[in-house]
Amino acid sequence: MTIYIESFLIQNILINFCLLKLVKITTHCKTSFFKMLLSSIVGAAFSVFVVIFLKNNLLHNIVKLLCGILMILLAFKGSKKQTIFNFILLFIYTYAFGGFITSISSKTFVTSFGIVTASKFSIELVCVIIIALTFIFEKVTKHIKFKIKTNNLIYPITLFSNGKSLKINAYLDTGNLLNYSGLPVVIINLDSFLKLNNINLIEYLTLNCEKILTNTVTGSKQLNMFKIDKLELKIDGKTRTFTSPYVAVNRQFTKTNYDALLGPLFFNN
């Protein structure tokens with residue numbers, strides 16, 4: 001099996017850069033493109049040195065360990081604790097990629113300097129796939145970060161009306177100051193209101209109700225508003241009870257993982 005040193009270097013630099021990029025995405029440590037590129041080149045140079053000069057497995061593993069530490073120190077600035085964390089992440093991502101490459105390989109050879117795989121795909125294509133996966137991972141982590149922030153503002157509530165109850169999730173909209181005569185108003189979607197009162201859409205349209213005006217960046221609109229018996233809001237394991245609260249029904253509610261909107265007034269009372 002013939003391995004050209006130029007290809008080996010380029011492929012290692014690309015893969016090392018992707019690994020460092022994943023560490024950066026995960027920890028948001030301060031770095032630059034030049035630092036990560038320099039670290040990737042140093043890591044690739046170590047790989048060439050190990051392949052050519054080291055035959056002893058123990059020395060091989062020690063050099064790999066030192067190489068990983070040096071790569072992290074070159075690429076990122078941070079405390080000792082952060083450096084250790086970055087180093088652990090680097091090895092986790094390294095072995096994750098190693099497992100991926102092994103899984104698509106048709107043959108695997110164990111040598112004195114490590115594992116050599118013969119893949120039905122070209123190593124250049126594997127590098128492209130790894131770069132693409134790094135890009136996808138970056139986009140996914142941004143979405144996950146947003147979802148985590150969103151989920152931290154979701155609270156379970158229970159609505160009570162005419163002897164019936166309904167448990168739903170409510171999102172704390174910090175800009176929602178909707179109130180009626182100084183009392184906070186919770187906005188719920190139409191489906192939840194119909195389920196709570198065990199009625200259909202036709203019956204809903206015939207109900208007598210008050211109107212409340214809401215203003216958003218997209219304009220103003222009136223919502224049907226009703227008074228229910230009780231609302232229970234769970235905050236940090238504790239339950240707050242609101243007697244005879246008002247609920248406004250939004251027929252065009254954008255449903256995700258919550259069915260109601262709370263305002264900060266529910267938390268101030």
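Preceding block: the structure.
Residues numbered from 1 in each chain as written. Predicted model: local features only at pLDDT ≥ 70, side-chain atom pairs only at ≥ 80, totals over all residues. Heavy atoms only, no water.

Colleague: Help me understand the environment of H28 in this model?
Modeller: On the secondary structure map, H28 appears in the loop between α1 (5–27) and α2 (33–53). According to the relative accessible area criterion, H28 is exposed, its value standing at 56%. Along the chain, H28 and F76 lie 48 residues apart, while their C-alpha atoms are 9.8 Å from each other. (Helix = DSSP H or I, 4+ residues; strand = E, 2+ residues; numbered from the N terminus. Buried < 20%, exposed > 50% of the residue type's maximum accessible area, 1.4 Å probe, protein only.)

Colleague: Which parts of the structure should I look at to understand a nonpolar patch on the surface?
Modeller: There is a patch of nonpolar side chains on the surface, built from L58, L59, I62, L65, L66, I69 and L73 and spanning about 630 Å² of accessible area. Of note, L59 is situated in helix α3 (residues 57–75). Its relative accessible area of 44% is what places L59 among the partly exposed residues. (Patch = residues over 30% accessible without salt bridge, like charges linked within 9 Å, V, L, I, M, F, W, Y side chains within 5 Å. Areas by Shrake-Rupley, 256 points an atom, 1.4 Å probe, with all protein chains shown as cover. Salt bridge = Lys/Arg side-chain N within 4 Å of Asp/Glu carboxyl O.)

Colleague: Just checking my understanding: could you explain the environment of K221 for this structure?
Modeller: Tracing the backbone through its elements, the reader meets K221 in strand β8 (residues 219–227). Between the C-alpha atom of K221 and that of N250, which follows or precedes it by 29 residues, the distance is 9.8 Å. Here K221 is in contact with I212, L213, T214, N250 and Q252, once residues within four sequence places are set aside. A polar contact of 3.3 Å, which involves the side chain of K221, links it to the side chain of N250. (Contact = heavy atoms within 4.5 Å. Polar contact = N/O pair within 3.5 Å; in protein donor to acceptor, adjacent residues only side chain to side chain.)

Colleague: Is there a simple way to think about the packing of aromatic side chains in this case?
Modeller: The relative placement of two aromatic rings is captured by the distance of their centres and the angle of their planes. Under the counting rule described, the total for this entry stands at ten aromatic pairs. Between F193 and Y204 the ring centres are 5.7 Å apart and the planes differ by 70°, which places this aromatic pair in the edge-to-face class. Here F193, found in helix α6 (residues 190–197), pairs with Y204, found in helix α7 (residues 201–205); they are eleven residues apart in sequence, far enough to count as distant. Judged by relative accessible area, which is 3%, F193 ranks as buried. Members of the aromatic cluster, connected to one another through ring pairs, are F87, F91 and Y95. (Phe/Tyr/Trp six-rings, centres within 6.5 Å; stacked < 30°, edge-to-face > 60°.)

Colleague: Where do I start with the nonpolar core in this structure?
Modeller: What tends to happen in soluble globular proteins is that the nonpolar side chains get buried as a cluster. Counting 25 residues, the largest nonpolar core has I157, L159, V186, I188, L231 and L233 as the members making the most contacts within it. Put simply, the parts of the chain that give this core at least two residues each are β3 (154–161), β4 (164–172), β6 (183–189), α6, β9 (230–235), β11 (246–250) and β12 (260–262). Counting 20 residues, the second largest nonpolar core, distinct from the first, contains L19, C29, L89 and F97. (Core = buried A, V, L, I, M, F, W, Y, C linked by side-chain atoms within 4.5 Å.)

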